[in-house]
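Observations on chain architecture
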Amino acid sequence: MSSLGPPPSEGPQPPDALEIDRRGFMKYLSASLALAGVSACSHPRQLEIVPYVHTPTGQIDGVPRYFASTLTRGGYGHGVVVESNMGRPTKIEGNPQHPASLGATDIFAQAAVLQLWDPERSQSVIHRGTTASWGDFDAALLQLMQRCQRDQGAGLHIVCGAFSSPLLAAELDALRERYPRMRCYLHEPAGQQNVHAGARLAFGQALSTRLYPDRARVIVALDADLLTDPSAGVRYARELIAARSPDRPGHSMSRLYAIEPTPSLTGALADHRLGIETAGLERFACRLARSLGVSIPADDAAVSRDAREAAWLKVLVSELQSNRGAGLVAVGATQKPWMHALAHALNGALGNVGSTLDYADPVEQLGAVDGGVIELAAALHAGAVETLLVLGGNPAYDAPADLQVRSALEQVPHLLHLGLYLDETGTLAEWHVPQAHELESWSDARAFDGTASLAQPLIAPLYGGRTSAQILALLLGQELGDGRALLRRQWQRELPDEAAWGAALQAGVIPESRFAARSVTLRDDWQSQLKLTPAPDETHLELLFRPDPTIGDGRWANNGWLQELPKPLSQLTWDNAACISPALAARYQLKNGDEVELMLQQRALRLPVWVLPGQSTQALTLHLGYGRRAAGRVGNGCGWDAYQLQVSDAPWCAAAGTLRKTGERRELAATQQHFRIEGRDLVRVGTLSQFAGDPHFATAPDRYRGAPPSLYPGVAGGEYAWGMSIDLNACIGCRACTIACQAENNIPVVGKEQVLRGREMHWIRVDLYREGSEDDPRTYPQPVPCMMCEHAPCELVCPVEASVHDSEGLNLQVYNRCVGTRFCSNNCPYKVRRFNFLQYVDESSEPLKAQRNPEVTVRQRGVMEKCTYCIQRIERAHIDADRDGRRIHDGEVQTACQAACPTQAIRFGNMADPNSEVAQAKASPRSYLLLPELNTRPRTSYLARVRNPHPDLEHG
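Residues numbered from 1 in each chain as written. Predicted model: local features only at pLDDT ≥ 70, side-chain atom pairs only at ≥ 80, totals over all residues. Heavy atoms only, no water.

1. Digging into the overall build of the protein
The helix and strand inventory of the protein stands at 28 helices and 38 strands. Taking 2.2 N^0.38 as the reference for a compact globule, 956 residues should give roughly 30 Å; the C-alpha atoms of the protein span a radius of gyration of 28 Å, in line with that estimate. The dimensions of the protein, computed from C-alpha atoms along their principal axes, are 95 × 75 × 55 Å. Across the 956 residues in the protein, those meeting the buried criterion constitute 62%. For the protein, long-range pairs separated by at least 24 residues make up 75% of all intrachain contacts whose partners lie at least 6 apart in sequence. Put simply, the protein shows about 36,100 Å² of open surface, and 51% of that area lies on carbon and sulfur atoms. (Helix = DSSP H or I, 4+ residues; strand = E, 2+ residues; numbered from the N terminus. Rg over C-alpha atoms; globule rule 2.2 N^0.38 Å. Buried < 20%, exposed > 50% of the residue type's maximum accessible area, 1.4 Å probe, protein only. Contact = heavy atoms within 4.5 Å. Areas by Shrake-Rupley, 256 points an atom, 1.4 Å probe, with all protein chains shown as cover.)

2. Observations concerning the side chain of Ser 101
Turning to its location among the elements, Ser 101 is positioned in the loop between β3 (88-94) and α2 (107-116). Ser 101 gets classed as buried once you look at its relative accessible area, which sits at 3%. A distance of 2.9 Å separates a polar atom in the side chain of Ser 101 from the backbone oxygen of Asn 95. In this structure Ser 101 touches Gly 79, Gly 94, Asn 95, Val 234 and Arg 238, once residues within four positions along its chain are discounted. (Polar contact = N/O pair within 3.5 Å; in protein donor to acceptor, adjacent residues only side chain to side chain.)

3. Overview of the environment of Arg 587
One can find Arg 587 in helix α18 (residues 582-588). Residues Arg 587 and Ile 510, 77 residues apart in the sequence, show an inter-C-alpha distance of 57 Å. For Arg 587, the residues in contact, after removing those within four places along its chain, are Glu 538, Thr 617 and Gln 618. Looking at Arg 587, its side chain comes within polar contact range of the side chain of Gln 618, at 2.5 Å.

4. Remarks on the nonpolar core
Within the largest apolar cluster, 97 residues are counted, with the highest numbers of intra-cluster contacts made by Ile 92, Leu 562, Trp 722, Tyr 830, Tyr 869 and Tyr 942. Beyond its immediate stretch of four places on either side in the chain, Tyr 869 contacts Trp 722, Gly 723, Met 724, Cys 786, Met 787, Met 788, Leu 810, Ile 874, Thr 895, Phe 908, Arg 939 and Thr 940. Among the nonpolar cores identified, the runner-up in size contains 78 residues, and Ala 100, Ile 276, Val 317 and Phe 448 belong to it. (Core = buried A, V, L, I, M, F, W, Y, C linked by side-chain atoms within 4.5 Å.)

5. A word on the sheet that holds strand β10 (residues 255-260)
Read from one edge of the open sheet, 4 strands run β11-β10-β9-β12, paired in parallel fashion. Taken across any chain shown, the strands that pair with only one partner, and hence form the sheet edges, are β11 (272-275) and β12 (327-331). For this sheet the average axis-to-axis angle between neighbouring strands, irrespective of direction, equals 10°. The pairing of β10 with β11 spans 4 bridges and is classified as parallel. Within β11, the position partnered with Ile 259 by the bridge is Leu 274. (Pairing = 2+ DSSP bridges. Axes fitted to C-alpha atoms, helices over the stretch in contact; angles between N-to-C directions.)

Limitation: the analysis is restricted to geometry and does not speak to function.
This is the structure we're talking about:
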C-alpha cells in the first residue's frame, strides 16, 4: 500500500498546514472560493472510466455498457459490475473476478441502485438549518485547520463507520501525524467489534478469520449466520452449498449443525438446529470445548440436565473428533469476545486451522482509531469535544440508549456531518454536507481476504456530493481536486503506469493484493474474560438485538425495495416486531400483532409481537433499524426504534428484560399467513440415505412419469425451448432473486396498506414452509416465479388474448391488450400473476425515472403483469446471435434472478439442447414439477431438497 505522497502540482497550493499564517490562510481561502464559484457555474470536469469487458471507441445510443466497481457493507468490499444505459446506472450484478462476490450479489447490492436515485438524498449544504454553498463549508474547514494547527488538533474528534479503504486509512494516518492530539472513533452499529476483541483475547492481536466452508465435512455454527455475514456472506453461501450437494461423488455431502437463540438462514439450512437461549448456548459451548480437551473451568461446564442437549453434545464430540482437520466451529458476531476465543481454541485443538479456516491481518483499518462509541460518548460528556466531524454515520440515532449520545451531540460547539441523507445526526449539525454515493465515487476497499478493489463512479455526483476522502484531503491542507487523483496517487506504487491502472479498473480488483495467511499461537490466559450470561428465569427474558434482515441497522430505511421485501423467516414487510416463541406467546396469551411493553433498565418500548417458530423459549428478538424520525418519506414512521432499549455493556443480549401485554393491537403486513406443508408435496424433501437408496424419491408421489395424457394439442416447438430449474437444496431463502427481478423489470413498490390487502407486486416470491414441532421446526424456502405452463390455464380465459404463448414456450403478457378482467389470475393455480390495482409507479420524481430499465415497459394502472423469464435479455441474445450468424450459447442468457443468486440455485436455458445446464438439471432424478396433477406442464421445475441428518438426532 503506497503512502499519500506529495500533493498534486496543478492549481494553487497552500503552505504546510502547520505553518499557515494569516496571509497564507487568506490566499488559500480566496483560491478555494474562486474554485467553488467556477464549479457552481459549470459542469464537473469529465473523467474517463474503464468498461468491464471492452474499451468503448465511442458511445452508441441504446447499447448498455458494463463497468466494474466496488460497494461496501460493514466496511468490507464487494465487487460488482454495473450496467449503465446512456450514462444512467440501472442494474447491478456481481463481479465474477472478485473473491467476495464470485459473480453474485445480496439484497443490499441490488438495492444500491435505487438508493443512488433516491430523490430524498441530501442535495445541498446546510448551515444551521439554512441552505449554504460548498464554498462556505470550505471556508469553515479552513478555519478549523487554523485552529488545529495552533493546538495540534486538540478538540478535533472524527467519527467514521467501519472501513477497509487503504486511501481513507492513509489520510487518517496523515491527519494523526499532523494533528497528534486529534481523536478518531469507529462506530458501526452492526460491526465486528466482538470478533476483533475475540482475536485479541485469543492471540494478543487483531486478526481476520477466513472460513472455507467448502473444505469442511462438519460445521458447527454457534449463533453464526454464515449466509448473511457482511464480510463474505455471498461467498460463504456459495461454498457451503457446494459442499452440501447430494450429487457429489460418493454422496459426500457435508453436515451442518446450528445452535442459536433466534432463527437464522443458516439455522434453516442446517441438518439439525437446536434453539437455545444465549445463556444456555454459552454453557453448551463450554461443555463442548471441555469434552474435546480444551481447558475450561469445571464450574463453567456443569453437566446439563437436558437430555436433548446431552444427546447433541455426544454427537458433536464424535463428529468433530472423527473429522479432525475437516471440521469447522464458527461463532457469530453478536457473541461475546470470549466465545470467539473459545472457537479459536476449539479449531486449533481439532487441527482445523490451515484447512477449513486461517488467519490474516485485519481487513478493517483499526490502527487509526482511538475507540468506539463508548469512548466517543465519554469524550462528549466530558466536554472534550470542540469540533466533531461525522463521516457518513448517524450516532444520534443508532448509538445505544444508555450512552445518551443524542443529547451530548446537541452540546457540541461545532458538529460537522457528511451524509447521504439529512438524518437524525444531520439535523443536529452546525454543518451538514451531502455525501457522494458509492456509485458516484472514486474509492477503494478490501475484501474479506484482503484483496483490494477499486471503485469507479458510474455517474457524476447528482447533488455535488463529496466523499470522506475528499473531506479529509481538505483537512490535510491539500487541494480538493477530484477523487480519481486521490485514488490514483494512493495506488501509484502498485499500479505505476496507465496500463496497470486501466487493467485494475477494468477487472475491478488489484492483482496479488490478497493478504497472506498468518501463523498464530493461542495465549495461555485466553479464558480470563470468560463470564457467563445469567440464565433468564420465569419473570425475566433475554432481549436479543439484531440488525434487521432487510434494512440493516437503519441506513436502508428509506429504500422502498428493501422495506417491502418480505423478511426471510417471518414474511413481514414495512415493520419490525418483537419475535417471540410459541411457548412465550401461549404463556402471555399473545398472538401476532398484539402490543406489548418491554422494560429494560427503566427504559420502556411498546411494539407488537410476532410469533416465530424456532425462537428459544425465554428469548425475545428485537430488530434494529426502524423507528426512524429523519430517514425520508419512505422510512419515517415505519416500525419501532429498538435502539431505545439497547445498552452499551450488552449491545446484543440483555438478560433482564420484562414484558407486559398492553391490550392494544397493531397491524402488521405479511405476505404469507400459513406456513404449514399440511401433507402436500409442494416442497419435496428427503434424506441423503433415502436419496442414495432411491434417487427418484422426489417423483414417487406423482401419478404419471413423464408427460401425463392431455386432451389439448401439443405446443409447436420453436428454435429454442426456454425453461428453468430451481434447486431447493441450494436455495437459502435470501431473497436476492426478488430484489434483482424488481430492479430489472421496473416493478413498483405498493406500500404497507396494499400489502395488507394482498396486493404486493413481486414477480418472484419466496414461499416459506415449516414442518415438525413449533419449538423445533424444519424450514424450507421455495422461490415461485411464473411456471411458463405449456398448457397454461391463464391463456384459455383471457377474453382479449393478452395472455398468449410464443413459439419458444414463453407465456407472454401483452400489456396494451389487457383490460383488467383478472380472469387469468383467478385461473392460475400458482398465483404468480400481479394486478396493478392502483397507479403504483411514481411518475412525479424525475430521479426515479432515470433508474428504470429502458428495455422493460413501465406498466400503468389496470393491467396484469408477471415474470417473463426476462424476455428482454432473451431478445438481446437473439439480436447478438443473429448478427454473428450463430445460435445462442448455453449460459449466454441469464435471468435477473439467476444472475443474482449467491448459490447458483437457479438454472435457465434451452431445454431442447440436451447438453445445456437446464436440460441436465431437469434430467436429474431429483427433478419434479409443482402441482403436476393439474397437467399444466410447467417449464419451471424444481430439484428436491436433500438433508443429511445424523441418525442419533433425527428422531430426538
